[in-house]
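Structural features, examined
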Amino acid sequence: MISGAEAVIKSLIEEGVDLIYGYPGGAIMPVYDELFKYQEEINHVLTRHEQGATHAAQGYARVSGKVGVVTATSGPGATNLVTGIADAQIDSTPMVCITGQVASHLLGSDAFQETDIIGISTPVTKWNCQITKASEIPAVIAKAFYIAKSGRPGPVLIDITKDAQFEMMNFKYDKCTNVKSYKPVPELNIDDIKEAAKIINRSKKPMIVWGQGVILGNAEQEFKNFVEKSGIPSAWTILGLSALPTEHSLNMGMVGMHGNYGPNMLTNQCDVLIAIGMRFDDRVTGNLNSYAKQAKIIHLEIDPAEVNKNVEVDVAVLGDVKKTIPLLTDLISKNTHDKWISKFHSFDKIEYKKVIHDDLYPSKQGLTMGEVIKIINKETNGDAIIVTDVGQHQMVACRYAKFNESKSNITSGGLGTMGFALPAALGAKMGAPHREVVAIIGDGGYQMTIQELGTIYQTGAAVKIVVLNNDYLGMVRQWQQLFFDKRYASTEMINPDFVKIAEGYYIDANKVDKRSELKNGVAKMIKSDKPYFLEVCVEKEANVFPMIPSGASVSDIRLD
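How each quantity is defined
Residues numbered from 1 in each chain as written. Predicted model: local features only at pLDDT ≥ 70, side-chain atom pairs only at ≥ 80, totals over all residues. Heavy atoms only, no water. Domains from an automatic or database assignment. Contact = heavy atoms within 4.5 Å. Buried area = accessible area lost by both parts, 1.4 Å probe. Salt bridge = Lys/Arg side-chain N within 4 Å of Asp/Glu carboxyl O. 1 Å grid on protein atoms, 1.4 Å probe; cavity = no way out; pocket = protein on both sides within 12 Å on 5 of 7 lines; lining within 4 Å. Points joined across faces, edges and corners; volume = space filled by probe spheres on them. Helix = DSSP H or I, 4+ residues; strand = E, 2+ residues; numbered from the N terminus. Nonpolar A, V, L, I, M, F, W, Y, C, P; charged D, E, K, R; others polar. Pairing = 2+ DSSP bridges.

1. Observations regarding the domain arrangement of the chain
- Segmenting the chain into domains produces domain 1 (2–169), domain 2 (190–343) and domain 3 (365–537).
- Computed over C-alpha atoms only, the centres of domain 2 and domain 3 are separated by 31 Å.
- On the domain 3 side, the residues contacting the 18 residues of domain 2 number 19 residues.
- Between domain 2 and domain 3 lies a buried interface of about 1,500 Å² when both sides are counted; carbon and sulfur atoms form 58% of it.
- Together, I238, S242 and H258 form the three largest contributors to the area buried by domain 2 at its contact with domain 3, with a combined 36%.
- At the boundary of domain 2 and domain 3, one finds two salt bridges.
- A salt bridge links E220 to K407, with the shortest nitrogen-to-oxygen separation between them at 3.9 Å.

In structure tokens form, the structure reads like this:
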């Protein structure tokens, strides 16, 4: 006989969990007491805030391909998880969150630190469950892990009352391999694949847009084979970045609001659009009434709910892309589209002249975000994991960072969560300790989870932190400049001494505000084998272009 609390730990061990991010408290204390006895099997990382725990678990999951695990207490501990859970839900990140809850006889009584976390988290979880009896623990945890990592991944929350944690039980663990009425992978229809192949083989100006589904499906090699056999120019959504090497000849860059000029413009000129593992997010499509209306659209997708949700498609190929892409590759003709590809290159030249050159090789005195990313590329040779927060720096980093390897671009995509990058970088480093991890963060988002410097110091994880400081909430300020007559309402930041704060957490730190110091500053950071903080003071009122104004068509993209 063991306690429910010990059953939680033994169940996690059965699922291969060796790392948990969390924060203790009264309602989860029995679990933490048992965790103390299993320190050799499971490493618990004490974050400085429960939100930090969720983002760290996300970074860990996105890099390692495993399920991220989080523990927290009831009430505010549980509610502090909600932002990270919502972020994981929209970005399809597998995560299991375990919260303590007041004793079952107190449920609904407004007891101390009681909240209805099941009701609160229902809209932002793939599945959730409250446990009131110890005997339920093994089966529920097994089901949680199966649901979190199968099909389209996502977050699951388990809420366990305190009496269930103390109650004794006979422990037996059986892994879950199926759940009634839940079909994580839809049945494959070979006729749809044949129809898609026919359309592709007849096309003259095809274009691929791929998303994170390629990465989540571990289908990078299958995707590369398809791209190279078809010869089709390909562009990525922000979460699809790194599935295909940046320098690949058929990688045409990013689509969407701050994407590249060519892929956006030519979306409305292609005759076939092949969407792979992406969901036609509004930041990608712009105005749906004018999105690729001339094209036949083929959608390869694991989640049937995403098909025809935003964009009506001509052929939907449902299933796991690791299986569907090779079947499609077998049926398409080997081809090249040199004349069509030259159109992308023509737009590239225009964008380079009007935007990219000045971003990377500025003539003005102030440092640009683009030149910082350029130097980081040189120092890391495109082999680093780049973790970004949300804002101008995120768009610049995604546009200019070089990637040779998949699972290297970690960012908050669908939810756009400021404060994501610092804890996510910690998780990424712990998920891939052999790789260089560089967090690129704005001065606004950095201060939302700045306390996680304490977690980084305590773990010793050699995360490299770069804050691009323009003393503004830069993306909001850009919109205010362009669309609100420069009324900079509540966007200017009076920032603290970031170097002193880092040093206060015993982290080596440096500040760069001159171009002559930048290369050496970045090189010193990368060479360090410890956590390192680098503040780079960039132009205060620089804008990120290209840009598609909100509600405009992708072909209304602005270069200035």
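2. Brief notes about the layout of surface pockets
- Within this model, the second largest pocket holds a volume of roughly 580 Å³.
- Along the wall of the second largest pocket there are 25 residues; nearest its centre are T246, E247, I356, R399 and K402.
- Looking at the lining of the second largest pocket, the elements that each hand over two or more residues are β11 (251–254), α15 (338–360), α16 (369–380) and α17 (392–400).
- Top element by residues in the lining of the second largest pocket is α15. It accounts for six residues.
- The residue makeup of the lining of the second largest pocket, split by class, is ten nonpolar, eight polar and seven charged.

3. Quick word on the pattern of salt bridges
- Counting across every chain of the model gives 21 salt bridges.
- A salt bridge links K309 to E306, with the shortest nitrogen-to-oxygen separation between them at 3.0 Å.
- Where D508 meets K530, a salt bridge forms, and the shortest distance between an N and an O atom there is 3.4 Å. Of this pair, D508 sits in strand β19 (residues 508–512) while K530 sits in the loop between α23 (515–527) and β20 (532–537); the two residues are 22 residues apart in sequence, bridging distant segments of the chain.
- When salt bridges with common partners are traced through the structure, they connect R152, D303, E306 and K309 into a single cluster.

4. Comments concerning the sheet that holds β20
- Across the sheet, which stays open at both edges, the six strands sit in the order β16-β15-β17-β18-β20-β19 with parallel pairing between neighbours. Pairing within the sheet leaves two strands with one partner each, and these edge strands are β16 (409–410) and β19.

5. Thoughts on the pairing of strand β3 (residues 43–46)
- Judged from the four bridges that link them, strand β2 (residues 19–22) and β3 form a sheet pairing that is parallel. When the sheet's bridge partners are listed, Y21 is paired in β3 with V45.

6. Observations concerning empty space enclosed by the protein
- The tally for this structure, following the rule as stated, stands at one cavity of 30 Å³ or more.
- Its boundaries defined by the atoms lining it, the largest cavity holds a volume of some 40 Å³.
- Taken together, the residues of the lining of the largest cavity break down into two nonpolar, six polar and no charged.

7. A word on unusual backbone geometry
- Of note, the bond from F545 into P546 is cis; its omega dihedral lies within 30 degrees of zero at 0°.
- Tracing the backbone shows P546 in the segment after β20.
- Phi is positive for S92, close to 55°, though the residue is something other than glycine.
- Here S92 shows up in the loop between α5 (82–90) and β5 (95–101).

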